[in-house]
Amino acid sequence: MDLETGSRQNHLRKQSWRAVLTLAYQSLGVVYGDLSTSPLYVFKSTFAEDIKHSETNEEIFGALSFIFWTLTLVPLLKYVFIVLKADDNGEGGTFALYSLLCRHARVSSLPNCQLADEELSNYKKEIPNLALSSFGSRLKSTLEKHGVLQKFLLVLALVGACMVIGDGVLTPALSVFSAVSGVELAMAKEHHKYVEVPVACIILIALFALQHYGTHRVGFLFAPIVVLWLLCISSIGLYNILHWNPQIYQALSPVHMYRFLKKTQTGGWKSLGGILLCITGSEAMFADLGHFSQLSIQIAFTSFVYPSLILAYMGQAAYLSQHHFIENDYKIGFYISVPENLRIPVLLIAILAAVVGSQAIITGTFSIIKQCSSLGCFPRVKIVHTSSKYHGQIYIPEINWILMLLCLAVTIGFRDTKRMGNASAIFFVLGLAVITVMLVTTCLMSLVIVLCWQQSVFLAIAFVVFFGTIEALYFSASLIKFLEGAWVPIALSLIFMLVMYVWHYGTLKKYEFDLQNKVSVDWLLSLGPTLGIVRVRGIGLVHTELVSGIPAIFSHFVTNLPAFHQVLIFLCVKSVPVPHVGPEERFLVGRIGPREYRVYRCIVRYGYRDVHKDDVEFEKDLVCSIAEFIRKQKDDSTLDARTDGEFGNNDEVMTVIGMPSTNVEGVHICSPSPDGLGLPEVEEIQASTANQVKKRVRFVVPESPKIDDGSRAELRDLMEAREAGVAYILGHSYVKAKQGSSMIKKLFINYGYEFLRRNSRPSTDSLMVPHASTLEVGMMYHV
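Chemist: Which residues make up the overall build of the protein chain, and what values go with them?
Modeler: Scanning the protein chain for helices and strands turns up 25 helices and 13 strands. The proportion of buried residues among the 783 residues of the protein chain is 58%. For the protein chain, contacts bridging at least 24 residues in sequence account for 82% of all contacts bridging at least 6. With an accessible surface of roughly 31400 Å², the protein chain has 60% of that area assigned to carbon and sulfur atoms.

Chemist: How would you explain empty space enclosed by the protein if you had to name every residue and give the values?
Modeler: Tallied over the full model, the rule gives nine cavities of 30 Å³ or more. In this structure, the largest cavity encloses a volume near 280 Å³. What lines the largest cavity is a set of 25 residues, and nearest its centre among them are Val164, Glu283, Ala284, Ala287 and Ile361. Looking at the lining of the largest cavity, the elements that each hand over two or more residues are helix H3 (33-36), helix H8 (147-180), helix H14 (283-287), helix H16 (343-374) and helix H18 (424-451). When residues in the lining of the largest cavity are grouped by element, the largest group, six residues, is from H16. Of the residues assigned to the lining of the largest cavity, the class counts are 13 nonpolar, seven polar and five charged.

Chemist: Now, about the packing of helix H13 (residues 266-275) against helix H19 (residues 457-479): what can you tell me, with residues and values included?
Modeler: Taken N-terminus to C-terminus, the directions of H13 and H19 make an angle of 100 degrees; their axes are 7 Å apart at the nearest point. Comparing their axes, H19 and H13 come out roughly perpendicular. For the pair formed by H13 and H19, the contact residues are Trp269, Lys270, Leu272, Gly273 and Ile275 on the first element and Leu473, Tyr474, Ser476, Ala477 and Ser478 on the second. For the contact of H13 with H19, the per-class residue count stands at six nonpolar, three polar and one charged.

Chemist: Describe the packing of aromatic side chains, with residues and values.
Modeler: Considering all chains together, one arrives at 17 aromatic pairs under this definition. Seen in terms of ring centroids, Trp503 and Tyr753 are 5.2 Å apart; in terms of plane orientation they differ by 35 degrees. Their pairing is tilted. Taken together, the residues span a long stretch of sequence, with Trp503 in helix H20 (residues 487-516) and Tyr753 in helix H25 (residues 743-758) at a distance of 250 residues. Summarising the burial analysis for this pair, Trp503 and Tyr753 share the class buried. In textbook terms, an aromatic cluster arises when at least three aromatic residues are bridged by ring pairs, as seen for Tyr32, Phe301 and Tyr306. Against the face of Tyr781 rests Lys510, its NZ or CZ located 4.9 Å from the ring centre. Taking NZ or CZ as reference, Arg757 lies 5.6 Å from the ring centre of Tyr734, over its face.

Chemist: Kindly report on H25, identifying the contributing residues and their values.
Modeler: Under the 1.5 Å per step criterion, the end-to-end length of H25 is 21 Å for 16 residues, consistent within 8% with the ideal 22 Å. Along H25, the residues that are buried comprise Lys745, Ile749, Tyr753, Glu754, Leu756 and Arg757. Looking at the buried residues of H25, the elements they touch are H20 and strand S12 (726-736).

Chemist: A description of the confidence of the model for the protein chain should follow, citing residues and the corresponding values.
Modeler: This prediction gives the protein chain a mean pLDDT of 78; 79% of its residues lie at or above 70. Element-level mean pLDDT values for the protein chain span from 42 in strand S7 (residues 641-643) up to 94 in helix H5 (residues 58-81). Here residues 1-14 is modelled with pLDDT under 50, and outside its nearest four sequence neighbours on either side it reaches 38 contacts, counting other chains as well. When the criterion is pLDDT under 50, residues 635-650 qualifies, and its contacts beyond four places in sequence or with other chains add up to 34 contacts.

Chemist: Quick rundown of the nonpolar core? Include the residues and the values.
Modeler: Counting 162 residues, the largest nonpolar core has Tyr32, Leu71, Trp229, Ile248, Phe301 and Tyr313 as its most contacted members. Looking at this core element by element, the count peaks at 18 residues for H8. Beyond its immediate stretch of four places on either side in the chain, Trp229 contacts Ser36, Thr37, Leu40, Phe334, Val346, Ile349, Ala350 and Ala353. With 32 residues, the next largest nonpolar core counts Val589, Val604, Tyr606 and Ile626 among its residues.

Chemist: Can you explain unusual backbone geometry? Please cite residues and give values.
Modeler: One non-glycine residue with positive phi stands out, namely Gln265, at about 55 degrees. On the secondary structure map, Gln265 appears in the loop between helix H12 (255-264) and H13. Its relative accessible area of 56% is what places Gln265 among the exposed residues. Even without a glycine there, the phi angle at Arg598 is positive, about 55 degrees. Along the chain, Arg598 turns up in the loop between strand S5 (587-591) and strand S6 (599-607).

Chemist: A description of the packing of H8 against helix H17 (residues 397-413) should follow, citing residues and the corresponding values.
Modeler: Where H8 contacts H17, the axes come no closer than 9 Å and their chain directions differ by 50 degrees. Classified by the angle between their axes, H8 and H17 sit oblique to one another. When the axes of H8 and H17 are compared, the crossing they make is right-handed. Contacts between H8 and H17 involve Ile165, Gly168, Val169, Leu170, Pro172, Ala173 and Phe177 from the first element and Leu403, Leu406, Cys407, Val410 and Thr411 from the second. Among the residues making up the contact of H8 with H17, the classes are represented as 10 nonpolar, two polar and no charged.

Chemist: Which residues make up the pairing of S6, and what values do they have?
Modeler: For S6, the buried fraction is high: nine of the nine residues fall into the buried class. Judged by which residues are buried, S6 turns out to be covered on both faces: Val599, Arg601, Ile603, Arg605 and Gly607 on one side and Tyr600, Cys602, Val604 and Tyr606 on the other are all buried. Where strand S4 (residues 563-576) lies against S6, nine bridges are found, and the strand directions are parallel. Within S6, the position partnered with Val573 by the bridge is Val604. Bridge count between S5 and S6: five bridges; the pairing is antiparallel. For Leu588, the partnering residue across the bridge sits in S6 and is Ile603.

Chemist: An account of a nonpolar patch on the surface is requested, with residue identities and associated values reported.
Modeler: On the surface, a cluster of nonpolar side chains totalling about 330 Å² of accessible area is made up of Trp17, Leu21 and Leu295. Along the chain, the position of Leu295 falls in helix H15 (residues 294-321).

Chemist: Just give me the short version of the pattern of salt bridges, but keep the residues and values in it.
Modeler: Here the structure, examined in full by the defined rule, presents 14 salt bridges. Notably, a salt bridge pairs Asp117 with Lys574, separated by 2.7 Å at the nearest N-O pair. Pair noted here: Asp117 is in the loop between helix H6 (94-105) and helix H7 (134-145) and Lys574 is in strand S4, with a separation of 457 residues, a long-range link. With a relative accessible area of 2%, Lys574 lands in the buried category. The partner of Arg605 in a salt bridge is Asp117, and the shortest N-O contact between them spans 3.4 Å. Here Arg605 is found in strand S6, whereas its partner Asp117 is found in the loop between H6 and H7, with 488 residues between them in sequence. Each member of the pair, Arg605 as well as Asp117, is classed as buried. Overlapping salt bridges, with partners in common, bring together Glu58, Glu59 and Lys263 in one network.

Chemist: Just give me the short version of the environment of Ala354, but keep the residues and values in it.
Modeler: Tracing the sequence through the fold places Ala354 in helix H16. Taking the relative accessible area as the measure of exposure, Ala354 reaches 0% and is therefore buried. Residues Ala354 and Ala179, spaced 175 residues apart in sequence, show a C-alpha to C-alpha distance of 6.5 Å. What Ala354 contacts, discounting residues up to four positions off in sequence, is Thr37, Ser175, Val176 and Ala179.

Cut-offs and rules
Residues numbered from 1 in each chain as written. Predicted model: local features only at pLDDT ≥ 70, side-chain atom pairs only at ≥ 80, totals over all residues. Heavy atoms only, no water. Helix = DSSP H or I, 4+ residues; strand = E, 2+ residues; numbered from the N terminus. Buried < 20%, exposed > 50% of the residue type's maximum accessible area, 1.4 Å probe, protein only. Contact = heavy atoms within 4.5 Å. Areas by Shrake-Rupley, 256 points an atom, 1.4 Å probe, with all protein chains shown as cover. 1 Å grid on protein atoms, 1.4 Å probe; cavity = no way out; pocket = protein on both sides within 12 Å on 5 of 7 lines; lining within 4 Å. Points joined across faces, edges and corners; volume = space filled by probe spheres on them. Nonpolar A, V, L, I, M, F, W, Y, C, P; charged D, E, K, R; others polar. Axes fitted to C-alpha atoms, helices over the stretch in contact; angles between N-to-C directions. Parallel < 35°, antiparallel > 145°, perpendicular 65-115°, else oblique. Phe/Tyr/Trp six-rings, centres within 6.5 Å; stacked < 30°, edge-to-face > 60°. Lys NZ or Arg CZ within 6 Å of the ring centre and 35° of its normal. Expected span 1.5 Å × (residues − 1). pLDDT = per-residue confidence, 0-100. Core = buried A, V, L, I, M, F, W, Y, C linked by side-chain atoms within 4.5 Å. Left-handed = near helix turned anticlockwise from the far one by under 90°. Pairing = 2+ DSSP bridges. Patch = residues over 30% accessible without salt bridge, like charges linked within 9 Å, V, L, I, M, F, W, Y side chains within 5 Å. Salt bridge = Lys/Arg side-chain N within 4 Å of Asp/Glu carboxyl O.

This is the structure we're talking about:
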C-alpha cells in the first residue's frame, strides 16, 4: 500500500474473502496481543487482598461469571458490533470520534479551517441522507453556539488520548512483569522478587531499543506468537475443565454474580478492579481499525480470540475450584493451573506474548500522539515512518525513550507493595486507565449516534445508561485504590493533558494574533506593479499558518529589506479533520493580485493520519502545482475552485490541484531528452549558472487545451525562478502574554508554551528546508 493511498485501503481489502481472512490473521498479532495476555494476572489481582478463596467456591464462581459477562458485553457487544461501525473513513480511536463530531457539528478546534475543506471527498461519511431529529438539531445548534461546550468536547477527547498514553506506560510494565512472574514457582518466595524485577527491566529496555527498526521488521512473528499463545491457554483451559471440574460451565450464570457480591460485599466490590483487567486491550480493536478492516477484526475476535479467552478463564476457575489451600496472595496466579511439566515452555511463550502485547500498545501510543500533533494538540515531534507499505507504522524517538523511562519507573516502584504480592497494585492502576478510555468512548459514541448516525435520542440514552453503568461500576472499584497506586495514571494523564492543552491554547492565541495583524491584499496592490521594491531572481517561499491575507512577518521583512523574489509563494501546510486527503486533492492554489505580480498562495492539506512529504520531491510538486494552476487559469470553465468569502479574501480564487503523480494529464517537470520526445507541447527554459554552463530543464505541458501567450510567459517566469533557486522565508516567533493578562495566562504563555515551543520541532521540519536557503524573520507575538 502506497503511503499516499492509505484512504483506499478499506475498499481494496473488501475485494475477497481471502484478503479479509488474511487481515483477520494479521490482526491477531497487532490488535489482540494485550487482550490475550490478560489471563496471566486477572485471577491473581482479583484475589490479591480484598477477598479470599473459600471451600464453597462462591468467590471463584462469582469471579468467573463477572469475567464471562464483562467479556461478552464490553468487547463483544459494545466494540465488535457497535463502536467499530463509528469509523472515520476507515479510521478508529478517540480522535476519530472527535473528528466525526467536529465535521457534523462544526466544532473543530483547528483555527485555519476553510469552506473548501468541506469539499474534500473524505470529509463526509457515506451515511443515509436523513434529517436530524428535533433534539439532534437543537444539540447541534447548541454545540456550535457555545464555545464552552466545544472546549469540553475537546478536553473529553484529550482525556481519552492521555489515558491511552498512560496505558502505553502501564501495559508493557504489567504484561512483561506478569509473564516473568512464572519464575516464582521455581524458587523461594523471598528470592524470586530479586530475579523478576531485573529480568523484566532488561526485557523492557530491549523492547524499546528495538522500536526504531519499525513494526514491520520486529513484528513479523507477532501473529504466530499470539496464535500459539491462544491455542496454548485454551488447550490448558480445556484440559483443566475436563480433568478438574466439567461442571464449571454452570458458573457462567449471572446468579453467581449476585451471590458473589452478597457474600463478599465491600470486598467483592473492591475486587472488581482486578476483574476489569480481563478487557484490557479492547480499545485496541477500535484504535487500530485503520490498519485492518471492520470485518476482519470482527471475524478474528468472535471466531478465535473470544472462545480461547473464555476457555482459559474457565480452566483456571475449574482448577482453583478443586484446590482451596493455595497461598492466596502468592500462588493463585495463572501458572499454578498449568501442568508442572509444561510450565517452562508456557513461561517462554507467555514472555513472547507479553512483548507482542506491549509492542501493540506502544505503536498505538505513537499513532495517538501523531493524531494529536496533526490536530494542533501536541508539540511537534520527530515522526519517522518505518514502512513504505503501511502508513500507520511510525516511530517517535522522543516519546519512545520517555515511555521507556516511565515503564522502568513503574516496574521498579511497584515491585514490593505491602500485602499485595509484588505487582498487584499496578493491576488497579492499569484498570483505571483502561476504564477511563472506555467511559470517554461511551460518551462520544452517544453524540455520534445522534449527530452522525441521526438516530433517536432514546437509543443514545440507552447506550450511555447500559454501558455507562457497567463501566462506572468498574471505575469506582478502581478509583478506591487511589492511594495504593491508582493515582499514577491520573497523574500521568494530567501531565500529558496539561502539555496538550497549553500547546493548543498557545497555538490558538498565536494564530489569532496572526489573523488580527495580517496585512490586507490591498496594501500589497497599492505598492504598484513593481510593488515598490526590487525583485530579485528566484522563488521566495514564505511559510505561514494563515490561509488568507498577507502574514505580518512578510511586511516586517519588507520594511527592513525592501526586496524579494520575482516569484512569491505564500505556503501554508495544514491539517484538516479527516484521516486522509487524497493526492488528487492535496494542493489548493490561488493567485494574489494581478497576473503580472507573480504572487501565489498554496495551501497543502494533510489528514491526521497522512504522511507529510519530507523529501526533495516536495519542492518539485509545489512548483508543478503552481504551473498547473497557471495553465488552468486561461479558461474559467476548467476551474474547480471556491471563493472563501468567509475565511479568505474575495479576490482569491482557490483551485484544487492534484499531485503530479496522480495528475498525469497536468504539467510536469523533466530534463530534456536528446530526441525531444515527450508530450506534444514542450516549453524549454534555459538558465545559465555562475560558470556559464547552460542547464536546460523544461515544463512538459499537455497539448490540449492550448495555453495563451500570457500563461506561456507566466510559466517561463516560474521556470526561470525555479532554476535560480528557492529561498525559504520563515517566521521565528517569540510569544509573550500582553500587558494586563491574568497570572494564569502569563504562566501558560510565558513559561509553559514558550518552553514547549523551544523544545519542539519547527513547523517546517517535515519539509526538509535546506539551511543555506533559509531566511528567518524574528517577530514578537503579544497574545
